[in-house]
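Structural characterization, general
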Amino acid sequence: MTTYLNLTNSVLRRFSDVELTSTNFATATSYHAYVKDVVNDVVRRIEQAERQWPFNHQVYTETLVVNKREYAFPSIGSGDAFNTEEIDWDSFFLVKDATLDPEISEKKLPFKDYDEYLEYYKPRSLNVDTSVSTARAPQFIFRTQDLKWGVNLPPDKLYKVRFECWGYPTEMSAYGDTTNIPDRFDWIIRYGCYTELYAQRGDTDMRDRYQSRFEDGLDNSMRKGLLKSPDEFRDGRIGNAG
């Protein structure tokens, strides 16, 4: 993957500016710090242009806690945090686990709307006698209104639940950091940066030229090349489950 340093230098070269090195990258000031910010800003614009970019897709497994019903949306990744933006509510599965007694087989966990859960299920789940040792494997999942998901009934064992989600990584900081965006689209990042830098220099003709190229690359290269057609999408946004 192209590093933060390489992306920044590719933009600096366009304007015949002095390039940064791994040694002075972290301490860059003034104009060079500005260009670093522009690179991150453009990457963020691309990341947030679509909620289901395949390069932001993750499969997450949560180990449930005994008698704990609700769980926060995950932050995933080693090094760079991954902040969940969207969950596929139709992708929840109870994971097969031979270490539990009795052995757990994999099964799909259906989704219940939060209003339905509140009306029909939560009162009963609150009255469960947790001293009873009968198995209470999760039967379905639900979405809360405060960026959490939950299981019903509250688990009596350390079950594992697997699901799919999309999100945004934190912005780049160190010279060796990389984006999730595939390298073949680096030119789109550069065009977005050129747009900002030409605007900063007051060159509106070049700004408009590269703005058009940036938007065309986003539409005709990234969206058409990476995303499903509109009728193939299922609405899995956090706020629009079901």
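Note that residues are indexed from 1 along each chain, following the sequence as it is written. In keeping with the predicted nature of the model, local features appear solely for residues at pLDDT of at least 70, side-chain atom pairs appear and are counted solely at 80 or more, and the whole-chain, interface and lining totals rest on all residues. Note that water and hydrogens are dropped before the side-chain values are worked out from all heavy atoms of the structure.

Further remarks concern the overall build of the protein chain. Counting from the N terminus, the helices are DSSP H or I runs at least four residues long and the strands are E runs at least two residues long. Along its length, the protein chain carries five helices and ten strands. A 1.4 Å probe rolled over the protein chains alone gives each residue an accessible area, and that area as a share of the maximum for its type sets the label: buried under 20%, exposed over 50%, partly exposed in between. Across the 242 residues of the protein chain, 42% fall into the buried class. Accessible area for the protein chain stands at about 12,700 Å²; split by element, carbon and sulfur atoms hold 46% of it. Residue exposure ignores everything except the shown protein chains as possible cover, and the areas themselves are Shrake-Rupley values with a 1.4 Å probe.

It is worth spelling out helix α4 (residues 186-200) at this point. Side chains of residues three or four places apart in an α-helix project in the same direction, reflecting 3.6 residues per turn. Expected helix span is computed as 1.5 Å times (number of residues minus one). The end-to-end C-alpha distance of α4, which contains 15 residues, comes to 21 Å, matching closely the 21 Å that a straight helix rising 1.5 Å per residue would cover. Here α4 has its buried residues at Asp186, Ile188, Ile189, Gly192, Cys193, Tyr194, Thr195, Leu197 and Tyr198. Looking at the packing, one finds that the buried side of α4 touches α1 (4-14), α2 (30-47) and α5 (204-226). Just downstream of α4 lies Gly202, where phi reads positive at about 80°. By the convention used here, residues are in contact when the closest approach between their heavy atoms is within 4.5 Å.

The subject of this paragraph is the nonpolar core. Only buried residues count toward a nonpolar core, which is a set of Ala, Val, Leu, Ile, Met, Phe, Trp, Tyr and Cys residues joined through side-chain atoms within 4.5 Å. One finds Val11, Val39, Ile46, Ile181, Ile189 and Met222 to be the most contacted residues of the largest nonpolar core, which totals 32 residues. Breaking this core down by element, the ones donating at least two residues are α1, α2, α4 and α5. Apart from the residues within four sequence positions on either side, Met222 is in contact with Ile46, Trp53, Phe55, Ile181, Phe185, Ile188, Gly217 and Leu227. Grouped together as the second largest cluster of nonpolar side chains are 20 residues, Leu64, Tyr71, Ala137 and Val151 included.

Below, the discussion takes up the confidence of the model for the protein chain. The predictor reports its confidence for every residue as pLDDT, a score running from 0 up to 100. Per-residue confidence for the protein chain gives a mean pLDDT of 85, with 84% of residues at or over 70. Here residues 238-242 is modelled with pLDDT under 50, and outside its nearest four sequence neighbours on either side it reaches 16 contacts, counting other chains as well.

Here the focus is the side chain of Ser10. Inspection of the secondary structure puts Ser10 in helix α1. Exposure remark for Ser10: the relative accessible area of 11% places this residue in the buried category. If we ignore the near neighbours within four places in the chain, the residues touching Ser10 are Arg190 and Tyr194.

This next bit is on the packing of α1 against α4. One way to put it is that α1 packs onto α4 with a least axis distance of 10 Å and a crossing angle of 50°. The orientation of α1 with respect to α4, classified from their angle, is oblique. The interaxial crossing formed by α1 with α4 has right-handed handedness. Of the residues in α4, those in contact with Leu7, Ser10, Val11 and Arg14 of α1 are Asp186, Ile189, Arg190, Cys193, Tyr194, Leu197 and Tyr198. Taken together, the residues of the contact of α1 with α4 break down into seven nonpolar, one polar and three charged. As a rule, the C-alpha atoms of each element are fitted with a line to give its axis, helices using only the stretch in contact, and angles between N-to-C directions run from 0 to 180 degrees. Any angle that falls under 35 degrees is termed roughly parallel, while one over 145 is termed roughly antiparallel, one within 65 to 115 roughly perpendicular, and all others oblique. In this scheme the handedness of a crossing depends on how the near helix is turned from the far one: anticlockwise by less than a right angle means left-handed, clockwise means right-handed. Residues were grouped as follows: Ala, Val, Leu, Ile, Met, Phe, Trp, Tyr, Cys and Pro as nonpolar; Asp, Glu, Lys and Arg as charged; and all remaining residues, including Gly, as polar.

Let us look at α1. Along α1, eight of the eleven residues are buried, which leaves the element largely enclosed by surrounding structure. All buried positions along α1 are accounted for by Tyr4, Leu5, Leu7, Thr8, Asn9, Ser10, Val11 and Leu12. Looking at the buried residues of α1, the elements they touch are α2 and α4. Count one or two residues on from α1 and you reach Ser16, which has phi positive near 55°.

The way to describe two aromatic rings as a pair is by their centre distance and the angle between their planes. Ring pairs shown here join Phe, Tyr and Trp side chains whose ring centres sit within 6.5 Å, with only the six-membered ring taken for Trp; geometry is labelled stacked below 30 degrees between planes, edge-to-face above 60, and tilted in between. According to the stated counting rule, one finds 19 aromatic pairs in the structure shown. With a centroid separation of 5.8 Å and 10° between ring planes, the pair formed by Trp89 and Phe92 is classed as stacked. Residue Trp89 shares its accessibility class with Phe92, and that shared class is buried. Among the aromatic residues, ring-to-ring pairing joins Tyr60, Tyr71, Phe73, Trp89, Phe92, Phe111, Trp149 and Phe163 into one connected group. Above the plane of the ring of Tyr194 lies Arg14, whose end atom (NZ or CZ) is 5.2 Å from the centre. The ring of Phe25 carries the charged tip of Lys36 above its face, separated from the ring centre by 4.2 Å. Think of it as a cone above the ring: NZ of Lys or CZ of Arg counts as a charge over the ring if it is within 6 Å of the ring centre and within 35 degrees of the ring normal.

This part covers the pairing of strand β10 (residues 160-169). Pairing analysis gives seven bridges linking strand β1 (residues 57-63) to β10, with the strands arranged antiparallel. Within β10, the residue paired with His57 across the bridge is Trp166. A pair of strands counts as paired when DSSP detects no fewer than two bridges linking them. Pairing analysis gives two bridges linking strand β5 (residues 93-94) to β10, with the strands arranged antiparallel. Paired with Leu94 across the strands is Val161, a residue of β10.

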